[in-house]
Amino acid sequence: MKILTNQPLRHLNSFNLQANASYFASPANVEAAKAALDFANSKALPILVLGGGTNIIFSKDPHGLVIKPGMTGRKASFDNNDVYLHVGANEGWTELVEWTLDNQYWGLENLSLIPGTAGAAPVQNIGAYGVELADHLYQVHAIDIKTGQERVFNNSECEFSYRNSRFKAQQKWLIASIILKLSLTPNIRTGYGTIRQRLIELGITKPTPVDVAKAVIYIRQSKLPDPAITPNSGSFFSNPIVDRNKFELLKDKFPDIVSFAQPDGQVKLAAAWLIEQCGLKGFSKGAVGIHPNHALVMINHGKATGLEVMELAKIVQDSVMDRFKVSLEIEPRVI
Ligand SMILES: Cc1cc2nc3c(=O)[nH]c(=O)nc-3n(C[C@H](O)[C@H](O)[C@H](O)COP(=O)(O)OP(=O)(O)OC[C@H]3O[C@@H](n4cnc5c(N)ncnc54)[C@H](O)[C@@H]3O)c2cc1C
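Values in this document were obtained by computation on a predicted structure and should not be read as measured data. (Residues numbered from 1 in each chain as written. Predicted model: local features only at pLDDT ≥ 70, side-chain atom pairs only at ≥ 80, totals over all residues. Heavy atoms only, no water.)

Engineer: Can you lay out the nonpolar core for me, pointing to particular residues and giving the numbers?
Structural biologist: With 44 residues, the main nonpolar core has Leu9, Phe58, Phe237, Leu269, Leu274, Ile275 and Met298 as its most contacted residues. If you list the elements that add at least two residues to this core, you get β2 (20–25), β4 (56–57), α6 (244–253), β16 (267–269), α7 (271–277), β18 (288–290) and α8 (306–324). Looking at this core element by element, the count peaks at six residues for α8. Taken domain by domain, this core gets at least three of its residues from each of domain 1 (4–67) and domain 3 (232–334). (Core = buried A, V, L, I, M, F, W, Y, C linked by side-chain atoms within 4.5 Å. Buried < 20%, exposed > 50% of the residue type's maximum accessible area, 1.4 Å probe, protein only. Helix = DSSP H or I, 4+ residues; strand = E, 2+ residues; numbered from the N terminus. Domains from an automatic or database assignment.)

Engineer: Go over the site of the ligand with me, naming the residues and quoting the values.
Structural biologist: Taken together, 32 residues sit near the ligand, with Val49, Gly51, Gly52, Thr54 and Asn55 positioned nearest. Arg220 is positioned with one of its side-chain polar atoms (N or O) 2.8 Å from a nitrogen atom of the ligand. If the ligand stood free it would expose 970 Å²; the protein chains cover 94% of that surface. Its residues assigned to classes, the shell around the ligand shows 15 nonpolar, 14 polar and three charged. (Near = heavy atom within 4 Å. Polar contact = N/O pair within 3.5 Å; in protein donor to acceptor, adjacent residues only side chain to side chain. Areas by Shrake-Rupley, 256 points an atom, 1.4 Å probe, with all protein chains shown as cover. Nonpolar A, V, L, I, M, F, W, Y, C, P; charged D, E, K, R; others polar.)

Engineer: Summarise the domain arrangement of the protein; cite the residues concerned and give the values.
Structural biologist: In terms of domain boundaries, the protein breaks down into domain 1 (4–67), domain 2 (74–183) and domain 3 (232–334). Computed from C-alpha coordinates alone, the two centres of domain 1 and domain 2 are separated by 21 Å. Of the residues lining the interface, 14 residues belong to domain 1; the matching set on domain 2 comes to 14 residues. For the pairing of domain 1 and domain 2, the buried interface totals around 1000 Å² over both sides, and the portion due to carbon and sulfur atoms is 65%. The largest share of the area that domain 1 buries against domain 2 comes from Val30, Lys34 and Leu37, three residues that together contribute 36% of it. Counting the contacts that link domain 1 with domain 2 gives one salt bridge. For Lys34, the salt bridge is made with Glu150, and the minimal N-O distance between the two is 2.7 Å. Between domain 1 and domain 2 we count three residue pairs in polar contact (both at pLDDT 80 or more) in total. (Contact = heavy atoms within 4.5 Å. Buried area = accessible area lost by both parts, 1.4 Å probe. Salt bridge = Lys/Arg side-chain N within 4 Å of Asp/Glu carboxyl O.)

Engineer: Talk me through the side chain of Asn125; I want residue IDs and the actual numbers.
Structural biologist: Along the chain, Asn125 falls in the loop between α2 (93–102) and β8 (127–128). According to the relative accessible area criterion, Asn125 is buried, its value standing at 0%. For Asn125, the side chain forms a polar contact with the side chain of Glu132, separated by 3.2 Å. At 2.9 Å, the side chain of Asn125 and the backbone nitrogen of Ala134 are in polar contact. With near-sequence residues (within four places) excluded, Asn125 lies in contact with Glu132, Leu133, Ala134, Phe160, Ser161, Arg163 and Asn164.

Engineer: Can you break down the environment of Ile195 residue by residue, with the values?
Structural biologist: Along the polypeptide, Ile195 turns up in helix α4 (residues 195–201). A relative accessible area of 0% places Ile195 in the buried class. Each C-alpha atom of the pair Ile195 and Ile217 lies 9.9 Å from the other, and the pair is 22 residues apart in sequence.

Engineer: How would you summarise the pattern of salt bridges if you had to cite specific residues and measurements?
Structural biologist: This model, assessed by the stated rule, comprises 12 salt bridges. Glu157 is the partner of Arg151 in a salt bridge, and the nearest nitrogen-oxygen pair spans 3.8 Å. Among the ionic pairs, Lys314 bridges to Asp318, the shortest N-O distance being 2.9 Å. Taken together, the residues Lys314 and Asp318, both in helix α8 and four residues apart, mark about one turn of the helix. What makes Lys314 partly exposed here is its relative accessible area of 45%.

Engineer: Quick one: what's the story with helix α5 (residues 209–223), residue by residue and with numbers?
Structural biologist: Compared with an ideal rise of 1.5 Å per residue, which puts 15 residues at 21 Å, α5 spans 21 Å between its outermost C-alpha atoms and is within 8% of the ideal. The set of residues buried in α5 consists of Pro209, Asp211, Val212, Ala213, Ala215, Val216, Ile219 and Arg220. Lining the buried residues of α5 we find α2, β8 and α4. (Expected span 1.5 Å × (residues − 1).)

Engineer: Would you mind going over the sheet that holds strand β17 (residues 284–285) in detail, with residue names and values included?
Structural biologist: Spatially, β13-β19-β18-β17 is the arrangement adopted by the four strands of the open sheet, whose pairing is antiparallel. Each of the sheet's edge strands pairs with one partner strand only, and the pair in question is β13 (232–235) and β17. Of the pairings in the sheet, the one linking β13 to strand β19 (residues 297–300) comprises two bridges and is antiparallel in character. Each residue of the ladder has a partner; that of Asn232, found in β19, is Ile299. Against the sheet, α8 contacts β17, β18 and β19, and its axis sits at roughly 30° relative to β18. (Pairing = 2+ DSSP bridges. Axes fitted to C-alpha atoms, helices over the stretch in contact; angles between N-to-C directions.)

Engineer: Give me unusual backbone geometry: which residues, what numbers.
Structural biologist: Located in the positive-phi region is Asn6, a residue other than glycine, with phi close to 50°. Relative to the helices and strands, Asn6 is located in strand β1 (residues 4–8). Under the relative-accessibility criterion, Asn6 is labelled exposed at 54%. Non-glycine residue Gln171 carries a positive phi angle of around 50°. Of note, Gln171 is situated in the loop between α3 (166–170) and β12 (173–183).

Printed below as a string of structure tokens:
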């Protein structure tokens, strides 16, 4: 297994933040991954698993070994109407979704155009437009980064919740591959966001999954900056969830507050609305800013440093706390 030293990471994270990895490896299979993990553990080095770098903020250099799983491959097997899709960790998520649509394996259309790798998808239980990975994840094949032991997790063992999982909470697993459970029968979900409105604009009354995917792609492209042009890491803050009492107090004071009732009685607040109300949409400090059209997205104007990103994040968190007494959590992993 080839271990590189002193590798720059700027081109490996979508915020384009400069950082260096003392040691770097990109194993193409499970055996090579175990060898790289052995190397790090024999030297007592910390280990960071890096996917596409679209949900990571380098506020400093990561210590130890950065390991970027290189496993590829997509293979479908069938059981009546169900499609079980085996996918290597390094497959690009967006390309994977396109490929499922080309093959008429349905289920992932609402998750179109989410950047990053398949291996990272379970980590924060990626979600968009009313669907999350947990709805279609069958199994995860992972390696314990300390012991090198392999383990298969069924869906219920992944402990999925909103933008969370055991992989995010424990940070002790390298995901080598996943198995998705899709269907040969479409299940159209247009109830979230502006999907239905977009389909009406196009005169589509009986949408196919491909129509839904196209609507999602259109909406995302019109709202979110492309990291290849404007470096960013997508939503910088998670939507906070508050209990019903707290929500009623907020609603009394701020009748226009944007919220989504949760099945368990709690209420999810739109972090973008909270930030916008603080007058921070479009605000910049140094080389970092809040996107002028999307208050949840922080952007790199050029040569931003990780420290500048964290300074602006703190300004946003403090402003929202002062005005609403609501705590905003940073969504990407901060190194
Ligand atoms: C423009 C934009 C839009 C986005 N939109 C959405 C959205 O709609 N919904 C959504 O949920 N997310 C969204 N994201 C966030 C991001 O796309 C997802 O979190 C994605 O899954 C991250 O994948 P990655 O490969 O880039 O992971 P990375 O950023 O490299 O890593 C993220 C985390 O996963 C861990 N990790 C990565 N790979 C592995 C692996 N193989 N095994 C174990 N741990 C691993 C890392 O250690 C880190 O903790 C968006 C990001 C951007 C830039």
